[in-house]
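One letter stands for each residue in the lines below.
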Amino acid sequence: MIPVRKVVCGISGGVDSSVAALLLKKKGYDVLGVFMRNWDIADETGHCSADRDKDDAEYVCQRIGIPLQEVNFVRHYWNEVFSELIEDYQNGLTPNPDILCNKSIKFSIFYDHATKNLGADAIATGHYARTSFGEDLKYYQENKSSSEKPPEDAFPTGRNDKEFSKENSSSCWFESYCKKERGIHCWTIGQRCHISGLHTAYFVADKDMKTQNILVAPSTNHRSLFSQTVLTNPPYWIHSPPDQLYQENTFDCYFRFQHGKPLVKCTLTVSHKNCLIVSLEEPLRALTPGQFAVFYTEEECLGSARIIRPGLSLWSLNYNICKAQNLSK
């Protein structure tokens, strides 16, 4: 165990990070709040939302009774999160900048800044994740990796960056950053299309970036919206890769790609170039390229991998079966 005295807590001005700082202060830690300025561009009204968030962070820290510093990560966020976000949208994906921000900013640059420049023994955020090191790093061991346990709380965290990754990207405020002008980046799989003159609700089933066409389905539960397999990029394992997966080329675990949704049993298979094929026990709706597949056991969050594409939809599978049967007659 390491003696933890000084904790640098990332303060966004939102509820989750504020509660984290308050709990640390009540436990007697020397807490320093740090506001990370990741965005510094005015909105259409001429105001910068980061300034409003900073005001909220200052108010929170005054009420808790801890000092607050500001650190500027705008350049890092632009290069490592926002630029990739725009590129993904231009390629027809629906990215998740929360995960990119956590990886590149909060648990990388922010951690280094806190420990190397601010003398922190540990950092804290408003995330609800639990680790094998336990509360207050009780079971910490030097040079030993921690594993992550699923959160006990059923609600997601993060108020600011989540606005980027809402499934309905109807505002499209980032459109001026995209080279494509026909608006296909404003739509995501499973989103309702408000087509005038029709009495039936239609939903996005697929997008074709070459033609800029959006393919729609005539109900929210249409079979073209459901798939039972997923192809992902090479995974990132939090603690270590599952031995069974790379020894036997298959591994049974649980899958989730939307926070708050139930875990679904799945089987992982290693594919070409260390990508994964995820076979789900039951079909899921709107498995969206660019989002992240997250893998669990009953007690641990193992890691994640970005979804490249879903497998054939239930509608396509049924069509191919009927076509094969007709050809065989």
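Residues numbered from 1 in each chain as written. Predicted model: local features only at pLDDT ≥ 70, side-chain atom pairs only at ≥ 80, totals over all residues. Heavy atoms only, no water.

J.: Which residues make up the sheet that holds strand β8 (residues 202-208), and what values do they have?
T.: As summarised here, the arrangement of the three strands in space is β7-β8-β9, forming an open sheet in which the pairing is antiparallel. Two strands close off the open sheet at either side, each with one partner strand: β7 (192-193) and β9 (213-217). (Pairing = 2+ DSSP bridges. Helix = DSSP H or I, 4+ residues; strand = E, 2+ residues; numbered from the N terminus.)

J.: Describe unusual backbone geometry, and please don't skip the residues or the numbers.
T.: We note that Lys 273 has phi near 55°; this positive angle belongs to a residue other than glycine. Along the chain, Lys 273 falls in the loop between β13 (264-270) and β14 (276-285). At Asn 274, a position not held by glycine, the phi torsion is positive, near 70°. Within the secondary structure, Asn 274 sits in the loop between β13 and β14. Relative accessible area serves as the criterion here: at 34%, Asn 274 is assigned to the partly exposed category. (Buried < 20%, exposed > 50% of the residue type's maximum accessible area, 1.4 Å probe, protein only.)

J.: Quick one: what's the story with the pairing of strand β15 (residues 292-296), residue by residue and with numbers?
T.: Regular strands show a simple pattern: their side chains alternate between the two faces of the sheet. The element β15 is largely enclosed, with a buried count of five among its five residues. Of the two faces of β15, the one lined by Phe 292, Val 294 and Tyr 296 and the one lined by Ala 293 and Phe 295 are each fully buried. Two strands pair when backbone bridges link them, and β15 and strand β16 (residues 301-310) are joined in this way by five bridges, in the antiparallel orientation. Of the residues in β16, the one forming a bridge with Phe 292 is Arg 306. What sits between the antiparallel neighbours β15 and β16 is a turn of four residues.

J.: Requested: an account of a nonpolar patch on the surface, with residues and values cited.
T.: On the surface, Ile 195, Leu 198, Ile 214 and Val 216 cluster together into a nonpolar patch covering about 280 Å² of accessible area. Note on placement: Ile 214 falls in strand β9. By relative accessible area, which is 30% here, Ile 214 ends up partly exposed. (Patch = residues over 30% accessible without salt bridge, like charges linked within 9 Å, V, L, I, M, F, W, Y side chains within 5 Å. Areas by Shrake-Rupley, 256 points an atom, 1.4 Å probe, with all protein chains shown as cover. Salt bridge = Lys/Arg side-chain N within 4 Å of Asp/Glu carboxyl O.)

J.: Pulling in residues and values, what's your account of the state of the cysteines?
T.: Each disulfide consists of a covalent bond between the sulfur atoms of two cysteine residues. A complete count under the given rule lists zero disulfides for this structure. You can see Cys 253 has no disulfide; the closest cysteine sulfur is in Cys 266, sitting 3.6 Å from it. (Disulfide = S-S within 2.5 Å.)

J.: Tell me about the side chain of Arg 256, and please be specific about residues and values.
T.: Topologically, Arg 256 is positioned in strand β12 (residues 250-256). Despite being buried, Arg 256 has no salt bridge partner; Glu 148 is the closest side chain of opposite charge, sitting 9.2 Å away. From its side chain, Arg 256 meets the backbone oxygen of Lys 261 in a polar contact 2.7 Å long. In contact with Arg 256, not counting residues within four places along its chain, are Lys 261, Pro 262, Leu 263, Phe 292, Ala 293, Val 294 and Tyr 296. (Lys, Arg positive; Asp, Glu negative; His and termini not counted. Polar contact = N/O pair within 3.5 Å; in protein donor to acceptor, adjacent residues only side chain to side chain. Contact = heavy atoms within 4.5 Å.)

J.: Account for the environment of Met 36, naming residues and giving values.
T.: Within the secondary structure, Met 36 sits in strand β2 (residues 30-37). With 34 residues separating them along the chain, Met 36 and Glu 70 place their C-alpha atoms 6.0 Å apart.

J.: Mind laying out the sheet that holds strand β3 (residues 68-72), listing which residues take part and the relevant values?
T.: Sheet architecture is open: four strands sit in the order β3-β2-β1-β4, paired in parallel fashion. This sheet does not close on itself; its edge strands, each paired only once, are β3 and β4 (122-124). Ignoring which end each strand starts from, the neighbouring axes of this sheet average 30° apart. Of the strand pairs in this sheet, strand β1 (residues 6-10) and β4 are connected by three bridges, and their pairing is parallel. Its bridge partner lying in β4, Val 8 is registered against Ile 123. In the packing of helix α2 (residues 49-64) onto the sheet, the strands contacted are β2 and β3, and the crossing angle to β2 comes to about 170°. (Axes fitted to C-alpha atoms, helices over the stretch in contact; angles between N-to-C directions.)

J.: With reference to specific residues and values, describe the packing of helix α3 (residues 74-90) against helix α4 (residues 97-117).
T.: It is at 9 Å that the axes of α3 and α4 come closest, and there the two elements cross at 165°. Put simply, α3 runs roughly antiparallel to α4. Relative to α4, α3 is oriented so that their crossing is right-handed. When α3 is examined against α4, the residues His 76, Tyr 77, Glu 80, Val 81, Glu 84 and Leu 85 are found in contact with a partner set consisting of Pro 97, Leu 100, Cys 101, Ser 104, Ile 105 and Ile 109. Classifying every residue of the contact of α3 with α4 by side-chain character gives eight nonpolar, two polar and two charged. (Parallel < 35°, antiparallel > 145°, perpendicular 65-115°, else oblique. Left-handed = near helix turned anticlockwise from the far one by under 90°. Nonpolar A, V, L, I, M, F, W, Y, C, P; charged D, E, K, R; others polar.)

J.: Please set out the confidence of the model for the protein residue by residue, giving values where relevant.
T.: Here the protein shows a mean pLDDT of 85. Residues at 70 or above account for 87%. This model gives residues 156-174 a pLDDT under 50, and the stretch forms 47 contacts once residues within four places in sequence are excluded. (pLDDT = per-residue confidence, 0-100.)

J.: Describe α2, and please don't skip the residues or the numbers.
T.: Counted at 1.5 Å a residue, the expected span for α2 with its 16 residues is 22 Å, and the 23 Å between its end C-alpha atoms agrees. Those residues of α2 that sit buried are Ala 50, Asp 53, Lys 54, Ala 57, Val 60, Cys 61 and Ile 64. Looking straight down α2, one finds that the buried residues subtend no more than 125° of arc, so they occupy a single side. For α2, the exposed residues set more than 90 degrees away from the buried face come down to Gln 62 and Arg 63. Residues of α2 that are buried make contact with α1 (15-26), β2 and β3. Trailing α2 by a residue or two, Gly 65 shows a phi angle of about 90°, which is positive. (Expected span 1.5 Å × (residues − 1). Arc of directions from axis to C-beta.)

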